[in-house]
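# Descriptive structure summary
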Amino acid sequence: MLPVPTAAIIVVAAGSGTRLDAGAPKAFVGIDAHSILRHALDGVFAAAPIQVVVVAPAGFEGDAETEVRAAAGDRADLTRVVTGGSTRQQSVAAGLAALWGDVRTVLVHDAARALTPPAVIDAVITAVDDSTGILPTLPVIDTLKRVEGATVIAPVDRSELAAAQTPQGFPRTLLEQAYARAERDGIEYTDDAALFAAAGHPVRHIDGSSRGFKITTPDDLVRARHLLAATAVQSLAQPVAQPVAQPVGVPRVGIGTDAHAFGGDGNLWLAGLEWPGEQPLSGHSDGDAVAHAIVDALLGAAGLGDIGEHFGTAHPEYAGAHAEVFLARTRELLAQSGFGIGNVSVQFQGNRPRFSARRREAEGVLSDALGGVPVSVTATTTDGLGFPGRAEGIAVTAIAMVMAQVDANNAHDPESNEKEQS
Ligand code: CTP
Ligand code: MG
């Protein structure tokens, strides 16, 4: 049997996520197919083996247990779930009370820092000694000002400052004493390093990681989703030598085509842009054949049906809608089914509009609507052939690549059988 590790990590996940406002406690909000808590735990279990205490919101202990078991694999006996308190400090205290007797080094980690690399966790464990607390930090990049109301008072020397992250690591006994002291004094500290330092102990800082940002607002969640999608694409480009426990993307491609005739009143809408003075395309919505082809490519790649099913005449709420609405909803449908988008490439055939001058603008609008994934748009004429060549309308073809977020160790394609599982 392997020796029981003498380090433990307390993953605090008991917050409500008021600022994220996603209708569930933050730790249980999905980034992709997996929750914030699950991603945080995947990072923890990819680091060197240590004991793991998860602090869950009251009433969500069972859900936390499920996530821990899924992430822990054969290390489930090194885990515990306890109920948190009404402040982060109380939640950490509940975690401390649940530590095993043999633990000497304790790390405290925000579940909300779900993408923290395992290497940061390892570095913190290594750096803690008998007397010193360890804090991962990032340099402050922005120029900082001291302000009073609307008035800027003075610059702040940012070389003196660093942004604090987690996990923060401490010698267990000293952290417990510091917590007892804070409780006795009734003081709430902003983080564990501050509480530890207030008890008179030294704290050193080491390099954190930009991936260790705290998912706090809806924008942070979007950032996390992009980072995961980008990582999945990279991991496809560089096959991993050994299976890893983190989610990787399984690529799937989809194709979408669309054609619309010119007709009707008003301006043309194409590739997410309005084209003043150009003849419009007729259609149930704004006739944006580029956006519609992309929607079909994405839905097709994910096996989620097609545009008619989700946006057709049975959905009058989309009558007249523009590309952003279709694409944002499509992205949402994919995310709900656990798919991240890799990239989209779309081409239209038509004599007009003259496209090249507005290519970047169109790509920006389409990409933004899909949450920032790369979208490229090309245009061609057909040498006068066919309906695009006769200027009767426009034909579009789109291809999209999406990834199902799954474990390499436990590959489970939504449509496959259980062949990977032994
Ligand atoms: N946390 C906790 N118990 C609390 C409050 C916070 O365990 N009573 C945890 C959160 O789950 C999170 C970490 O502490 O992982 C950092 O807190 P924060 O980002 O502020 O999360 P929330 O408190 O959930 O969010 P908000 O402040 O927006 O409500
Ligand atoms: Mg909070």
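Now for a look at the structure at hand. None of these values were measured; they are calculated from a predicted model.

Let us now look at the overall build of the chain. Regarding its fold elements, the chain presents twelve helices and 16 strands. Every one of the 422 residues in the chain was classed for burial, and the buried ones make up 48%. With the model as given, the accessible surface of the chain reaches about 19800 Å², and the carbon-plus-sulfur share is 52%.

Quick look at unusual backbone geometry now. In the segment running from threonine 166 into proline 167, the intervening peptide bond is cis, with an omega of 5°. Along the polypeptide, proline 167 turns up in the loop between strand E8 (162-164) and strand E9 (168-171). Here aspartate 21, not a glycine, exhibits a phi torsion of approximately 55°, which is positive. Structurally, aspartate 21 can be placed in the loop between strand E1 (7-12) and helix H1 (36-46). When its relative accessible area of 64% is taken as the criterion, aspartate 21 is described as exposed. One non-glycine residue, alanine 271, lies in positive phi territory at about 55°.

Looking at ligand 1, there are 18 residues lining it, with Gly17, Thr18, Lys26, Ser91 and Lys214 nearest. Between ligand 1 and valine 12, the relevant distance is 2.8 Å, taken from an oxygen atom to a main-chain nitrogen or oxygen of the residue. Under a 2 Å grid-point criterion requiring more than half of the atoms, the pocket assigned to ligand 1 is the largest pocket. A breakdown of the residues in the shell around ligand 1 according to their chemical character gives five nonpolar, eight polar and five charged.

On to the environment of leucine 228. One can find leucine 228 in helix H7 (residues 218-237). Other than its neighbours up to four places away in sequence, leucine 228 contacts Ile31, Asp32, His39, Leu115 and Arg211.

Here we take up a nonpolar patch on the surface. There is a patch of nonpolar side chains on the surface, built from Val253, Ile255 and Ile399 and spanning about 310 Å² of accessible area. In this structure isoleucine 399 comes out as partly exposed when scored by relative accessible area, which is 44%.

Moving on to the pattern of salt bridges. Following the criterion strictly, the structure yields twelve salt bridges and no others. Counted as one network, the salt bridges with shared partners bring together Arg88, Asp110, Arg113 and Asp192.

Within the largest apolar cluster, 47 residues are counted, with the highest numbers of intra-cluster contacts made by Val290, Ile294, Leu298, Leu334, Leu366 and Leu370. Broken down by element, the residue count for this core peaks at eleven residues, all from helix H8 (residues 289-302). Every residue in contact with leucine 366, bar those within four places of it in the chain, is listed here: Ala271, Gly272, Val290, Ile294, Ala323, Leu327, Val375 and Val377. Core analysis: the second largest hydrophobic core is formed by 42 residues, Ala40, Val44, Ala71 and Ile125 among them.

Conventions and cut-offs
- Residues numbered from 1 in each chain as written.
- Chains lettered and ligands numbered in written order.
- Predicted model: local features only at pLDDT ≥ 70, side-chain atom pairs only at ≥ 80, totals over all residues.
- Heavy atoms only, no water.
- Helix = DSSP H or I, 4+ residues; strand = E, 2+ residues; numbered from the N terminus.
- Buried < 20%, exposed > 50% of the residue type's maximum accessible area, 1.4 Å probe, protein only.
- Areas by Shrake-Rupley, 256 points an atom, 1.4 Å probe, with all protein chains shown as cover.
- Near = heavy atom within 4 Å.
- Polar contact = N/O pair within 3.5 Å; in protein donor to acceptor, adjacent residues only side chain to side chain.
- 1 Å grid on protein atoms, 1.4 Å probe; cavity = no way out; pocket = protein on both sides within 12 Å on 5 of 7 lines; lining within 4 Å.
- Sits in = over half its atoms within 2 Å of the grid points.
- Nonpolar A, V, L, I, M, F, W, Y, C, P; charged D, E, K, R; others polar.
- Contact = heavy atoms within 4.5 Å.
- Patch = residues over 30% accessible without salt bridge, like charges linked within 9 Å, V, L, I, M, F, W, Y side chains within 5 Å.
- Salt bridge = Lys/Arg side-chain N within 4 Å of Asp/Glu carboxyl O.
- Core = buried A, V, L, I, M, F, W, Y, C linked by side-chain atoms within 4.5 Å.

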